[in-house]
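Each chain, letter by letter, is given below.
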Amino acid sequence: MATPNLRDKIKDWLSPVVYLSSNWLSQIGVLVVTTAAVLWILLLPTLIRGEASNPYLGILTFLVLPGIFLAGLVLIPLGIWLRFRRERRKGSYPHEFPPLDLHNVKLRRLGVFILAVTVVNAIIAGQLGYSAVSYMDGVTFCGETCHTVMEPEFAAYQNSPHSRVECVKCHIGPGANWFVKSKLSGLGQVVAVTFNTYDRPIPTPVENLRPARETCEACHWPEKFGADRLRVIEKFADDETNTLTKTVLLMRIGGGRTSRLGIHGVHLGPGVVIRYAHSDHKRQTIPWVEYDDGKGKKTAYASADFKPESLKDMPVRVMDCMDCHNRPTHAYEIPERAVDAAMAAGTISPSLPFVKKQAVELLRTSYSSKEEALRRIPAALGEYYRSSHPSVFTAKQSDIARAAGAAVAIYSRNVFPTMKVAWGTYPNNIGHTDFPGCYRCHDDAHASAAGAKITQDCNACHSLLAMDEPAPKILSDLGLVAAASPAAK
C-alpha cells in the first residue's frame with residue numbers, strides 16, 4: 001500500500017500535468033493520435049497481410065501513417081512543456097493546484113483511461129513500426145516505390161528464375177549487421193532519388209553487395225555435387241523460312257565436397273582459392289589471375305601485355321559465385337536470343353517469312369522513348385507484311401499481331417530509355433557467346449611464368465554433342481524428339 005509521502009508525491013506530479021495539458025498543441029496531438037488510430041483500424045486488413053497491392057497505398061500504410069501517429073504522441077508532452085515554460089516566464093505559473101484525491105472516481109477513471117490509451121498506443125506503435133520495416137523489405141517497395149529508378153531491375157527480376165525470392169533474401173540476407181547497413185545505405189539512395197542525383201544507368205557491379213557465400217550459398221553451395229546437365233540451344237536463322245538449328249551441350253557442373261572436377265569443382269572445389277585483378281570497374285578486363293589449388297601450389301597467370309608493377313594499382317578480388325553468375329536475377333537479354341526464345345515458345349510464329357530478321361531489326365532500332373517503341377514496333381511489323389507479303393498479311397493477321405506483341409514484350413523488359421538501359425548495357429558473364437564472360441580468363445592467352453596457360457578448350461566445361469544441326473541425332477537417341485521415319489530420310 002502506498003505511503004502518505006508517496007501519495008503526496010503522486011499528487012504533486014499529477015496536478016501540474018493535468019493543469020498544463022489543457023493547451024491547444026497537446027489537444028492537436030490527441031486529435032492526431034486519434035485520427036491515426038482510426039486510420040490504423042481502417043487499414044488493419046492490409047497491415048495483417050504485411051503487404052500492399054499498390055506501392056503508394058503501402059507508403060501511406062507503412063511509412064506515412066506511423067509518422068503521423070508518432071508525431072501526435074510527441075505533440076502531447078511538447079505542448080505541456082511549452083505551456084510550463086511560457087507560464088514560468090510570465091510568472092503566472094500557480095504555486096498550488098486544485099487538490100487531487102485518488103479516491104475520486106473521475107480521477108481514477110482518468111488514470112485508467114490514460115493507462116489504457118498508453119498501452120494501446122504502444123501496441124499500435126510497435127505494430128506499425130514492425131509493419132513498416134516488413135513493408136520496406138518487401139518486393140513491392142523495392143521494385144515499385146521508386147518506379148523510374150528500379151523499373152529496369154524490377155522488370156528483369158519478374159522474368160528471372162528468382163522471381164519468387166524476396167529481394168532482401170539476396171541483397172541483405174539474415175542478421176542485424178547487414179540489416180542496419182542496408183538501411184543506412186538506403187538513406188543515401190532516398191536522398192539521391194529526392195534530389196534527382198542518381199546514376200543512369202545504375203552502375204554495376206554493386207560495390208557494397210553482401211558476399212555471395214553469405215547469401216547465394218544459403219541455397220546454392222559449391223560443396224554440393226552437380227551432375228552433368230544437357231542443354232539444348234535453339235537458333236532461328238534470319239532467312240525467309242527462319243531455319244531452325246539446334247546446338248546440344250553436356251555441361252560439366254561438377255563440384256562436391258571432394259571433387260575438383262567440372263566447372264564448380266575447378267573454380268570452387270575444396271581448398272581452391274582464385275584471386276584476380278581487373279583493370280576496369282565492370283570487371284570485364286582481367287589481366288592477372290592467381291590459382292591456389294588448395295594443396296600448397298599457387299600459380300599466377302597474366303595476359304601478354306600485363307606489367308607486374310601495375311598490379312599494385314589494380315583492385316584484387318577473391319573470386320566467388322557473382323564473378324560468373326553476375327546477373328542471376330536481373331538478367332537482360334539481347335534481341336537475337338530473346339527472339340529465338342519467343343519463336344521456340346510459339347509466341348512468334350516461325351511460319352511468318354523473315355520474322356526473325358524483321359523482329360531483331362525492329363528491336364535494335366533506336367527509339368526516343370518506350371512509348372514510341374511500343375507504338376512503332378507493331379505498326380512497322382504489320383506494314384512490312386502488308387507491303388512485302390500481302391498474302392501472308394491477309395491470311396495470318398493474328399500471327400502477325402501476336403508476333404508484334406511478343407516483340408513489344410521483349411523490348412519492354414530489356415530497354416529503358418529513361419534510365420539509359422539499352423541492349424548490352426549490363427554484360428552477362430555466364431558463357432562466352434554474347435559477352436566475353438568465360439573468355440575474360442579462358443582466352444588461351446593468360447600464361448604463367450612456366451608457360452602454362454588458362455585453357456580455352458571447349459571440353460573443359462562442356463562436351464559439344466551437336467552444333468547448329470537441324471535435327472541432332474543425339475536428341476532422338478535420348479528420346480527427346482521423335483526419330484525421323486525411313487521414308488523421310
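Predicted, not measured: the structure shown is a model, and the values here were computed from it.

**What about the sheet that holds strand E7 (residues 462–469)?**
Logical step 1: Strand order across the open sheet formed by three strands is E1-E2-E7, with antiparallel pairing between neighbours. Each edge of the open sheet carries a strand with a single partner, namely strand E1 (229–236) and E7. Between one strand and the next, the sheet's axes are offset by a mean angle of 10°, whatever the strand orientation.
Logical step 2: As paired strands, E1 and strand E2 (residues 244–251) are joined by eight bridges and run antiparallel to one another.

**So, the side chain of Asn429**
Logical step 1: Position of Asn429 relative to the elements: it lies in the loop between helix H15 (397–412) and E7.
Logical step 2: In this structure, Asn429 is in contact with Gln284, Asp323, Cys324, Asn326, Gly437, Cys438 and Arg440, ignoring residues within four places of it in sequence.

**Remarks on empty space enclosed by the protein**
To find leftover empty space, a probe the size of one water molecule is rolled over the atoms.
Logical step 1: Within the structure shown, the criterion is met by one cavity of 30 Å³ or more.
Logical step 2: Volume-wise, the largest cavity comes out at about 50 Å³.
Logical step 3: Taken together, Tyr332, Glu333, Ile334, Val421, Ala422, Gly424, Thr425, Tyr426 and Phe435 make up the lining of the largest cavity.
Logical step 4: Split by residue class, the lining of the largest cavity holds six nonpolar, two polar and one charged.

**Quick look at the sheet that holds strand E3 (residues 273–277)**
Logical step 1: Judged by pairing direction, the sheet is antiparallel, and its four strands sit side by side in the order E5-E4-E3-E6 without closing on themselves. Looking at which strands have only one partner, the edges of the open sheet turn out to be strand E5 (298–302) and strand E6 (316–318). Averaged over all pairs of adjacent strands, the angle between their axes in this sheet comes to 20°, without regard to strand direction.
Logical step 2: Bridge count between E3 and E6: three bridges; the pairing is antiparallel. Within E6, the residue paired with Arg275 across the bridge is Val318.

About the criteria used
Residues numbered from 1 in each chain as written. Predicted model: local features only at pLDDT ≥ 70, side-chain atom pairs only at ≥ 80, totals over all residues. Heavy atoms only, no water. Pairing = 2+ DSSP bridges. Helix = DSSP H or I, 4+ residues; strand = E, 2+ residues; numbered from the N terminus. Axes fitted to C-alpha atoms, helices over the stretch in contact; angles between N-to-C directions. Contact = heavy atoms within 4.5 Å. 1 Å grid on protein atoms, 1.4 Å probe; cavity = no way out; pocket = protein on both sides within 12 Å on 5 of 7 lines; lining within 4 Å. Points joined across faces, edges and corners; volume = space filled by probe spheres on them. Nonpolar A, V, L, I, M, F, W, Y, C, P; charged D, E, K, R; others polar.

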